[in-house]
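Here is how the chains run, residue by residue.
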Amino acid sequence: MPLHTKKPRSPTSVSPGGSPGAILLGQTCLHQGPGQKTSLSVLEGMGFRVGQALGERLPQETLAFREELDVLKFLCKDLWVAVFQKQMDSLRTNHQGTYVLQDNSFPLLIRMASGPQYLEEAPKFLAFTCGLLRGTLSTLGIKSLVTASVASLPTCKFQVVIQKT
């Protein structure tokens, strides 16, 4: 389904918070040192607003998903293709509101895959994408917590935990 173009509504502010050793960006958690908290928060906030804008451009029939799993399948296929020109490689769930999306060749990390010394730079590229996923889910009416992890470049996993209200 192609994404439609129109002006986004209003941007949403993202409030940072967290615990020692982890950074909670809005509802996105990235494990990094405390020195990168502000820049990652800004990147996540930008991703969240872009995700909201993309969500607002979705065709009306897309907005009528009945199951969470259908929404996550949409993110892995249609949204990922619209943003990265490829589908997500796998989607797993425990059927209790936790989903793991895996991309084995994440486009933003491919150039960094030449050496393990670049692994510490990965959170800068993942913060925006976590916000993108969370913002799109928010527009679709799903409140979530999105975390990202990289064990080896360019593979990354995004864990989406649906917040029940």
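Position numbers for residues start from 1 in each chain and track the written sequence from start to end. Restriction of local features to residues with pLDDT of at least 70 applies here, the model being predicted, together with a cutoff of 80 or more for giving and counting side-chain atom pairs; totals for whole chains, interfaces and linings are based on all residues. Note that water and hydrogens are dropped before the side-chain values are worked out from all heavy atoms of the structure.

Naming follows an unreviewed UniProt entry, where the protein chain appears as Trafficking protein particle complex subunit 6A isoform X1 of Acinonyx jubatus. Word for word, the UniProt comment on the protein chain under Subcellular location (unreviewed entry) is "Golgi apparatus, cis-Golgi network". UniProt positions are given in the numbering used here, feature names are shortened, and annotations may be inferred rather than shown by experiment.

Q: In this structure, what is going on with the overall build of the protein chain? I would like to understand it.
A: Scanning the protein chain for helices and strands turns up three helices and seven strands. Helical segments are the DSSP runs of H or I of at least four residues, strand segments are the runs of E of at least two, and each set is numbered from the N terminus. Ordered by position in the sequence, the α and β elements of the protein chain form the string β-β-β-α-α-β-β-α-β-β. Partly exposed describes any residue whose relative accessible area lies between the buried limit of under 20% and the exposed limit of over 50%, with all areas from a 1.4 Å probe on protein chains only and scaled to the type maximum. Within the span of the protein chain, comprising 165 residues, buried residues form 42% of the whole. Whether two residues are in contact is decided by their heavy atoms: any pair within 4.5 Å suffices. If you take every contact in the protein chain between residues at least 6 apart in sequence, the share linking residues at least 24 apart comes to 60%. Each accessible area is a Shrake-Rupley result for a 1.4 Å probe, and residues are judged covered by the shown protein chains and nothing else. Only carbon and sulfur atoms are counted for the fraction: they give 53% of the accessible area of the protein chain, which is about 8,800 Å².

Q: What is the right way to read the packing of aromatic side chains from this model?
A: Describing an aromatic ring pair means giving the distance of the ring centres and the angle of the ring planes. Centre distance within 6.5 Å is the pairing criterion for rings of Phe, Tyr and Trp, where only the six-membered ring of Trp is used; planes under 30 degrees apart are then read as stacked, over 60 as edge-to-face, and the remainder as tilted. Summed over the entire model, instances satisfying the criterion amount to five aromatic pairs. Residues W80 and F84 carry aromatic rings whose centres are separated by 4.7 Å and whose planes lie at 55° to one another, so their mutual orientation is tilted. Note that W80 and F84 are positioned in helix 2 (residues 68-84) at a spacing of four residues, about one turn of the helix. Feature note: the residues W80, F84, F106 and F158 constitute an aromatic cluster, connected by ring pairs.

Q: Looking at this structure, I do not really get the pattern of salt bridges. What am I missing?
A: Close approach of charged atoms lets side chains of opposite charge pair. When a carboxyl oxygen of Asp or Glu lies within 4 Å of a side-chain nitrogen of Lys or Arg, that pair is called a salt bridge. The full count for this structure, using the stated rule, is five salt bridges. Members of the salt-bridge network, linked through shared partners, are K86, D89 and D103.

Q: Explain helix 2 to me, please; I cannot follow it from the model alone.
A: One full turn of an α-helix is made of 3.6 residues, so residues set three or four places apart face in the same direction. Multiplying one less than the number of residues by 1.5 Å gives the expected span of a helix. Over its 17 residues, helix 2 extends 22 Å from the first C-alpha to the last, a length consistent with the 24 Å expected when each residue adds 1.5 Å. We define the bend at any residue as the angle between the axes fitted to the seven residues before and including it, ending there, and the seven starting there. In helix 2, a bend of some 35° at L75 exceeds every other bend along the element. Those residues of helix 2 lying buried are V71, L72, F74, L75, C76, L79, W80 and F84. Just downstream of helix 2 lies Q85, where phi reads positive at about 60°.

Q: Would you explain helix 3 (residues 122-139) in this entry?
A: Taking 1.5 Å per residue, 18 residues should reach 26 Å; helix 3 reaches 26 Å between its end C-alpha atoms and fits that length. In terms of residue burial, helix 3 counts as a mostly covered element, since 13 of its 18 residues are buried. In the stretch just after helix 3, G141 is the one whose phi turns positive, near 85°.

Q: Please clarify how the nonpolar core should be interpreted in this entry.
A: Taken as a class, soluble globular proteins show a tendency for nonpolar side chains to be buried jointly. In this description, a nonpolar core means a group of buried Ala, Val, Leu, Ile, Met, Phe, Trp, Tyr and Cys residues linked to one another through side-chain atoms lying within 4.5 Å. Residues L101, F106, L109, L126, F158 and V160 are the most contacted members of the largest nonpolar core, which totals 31 residues. Where this core is concerned, the elements lending two or more residues are helix 2, strand 5 (98-103), helix 3, strand 6 (144-149) and strand 7 (156-162). Filtering out sequence-adjacent residues up to four positions away, F106 remains in contact with W80, F84, F125, L126, T129, P154, C156 and F158.

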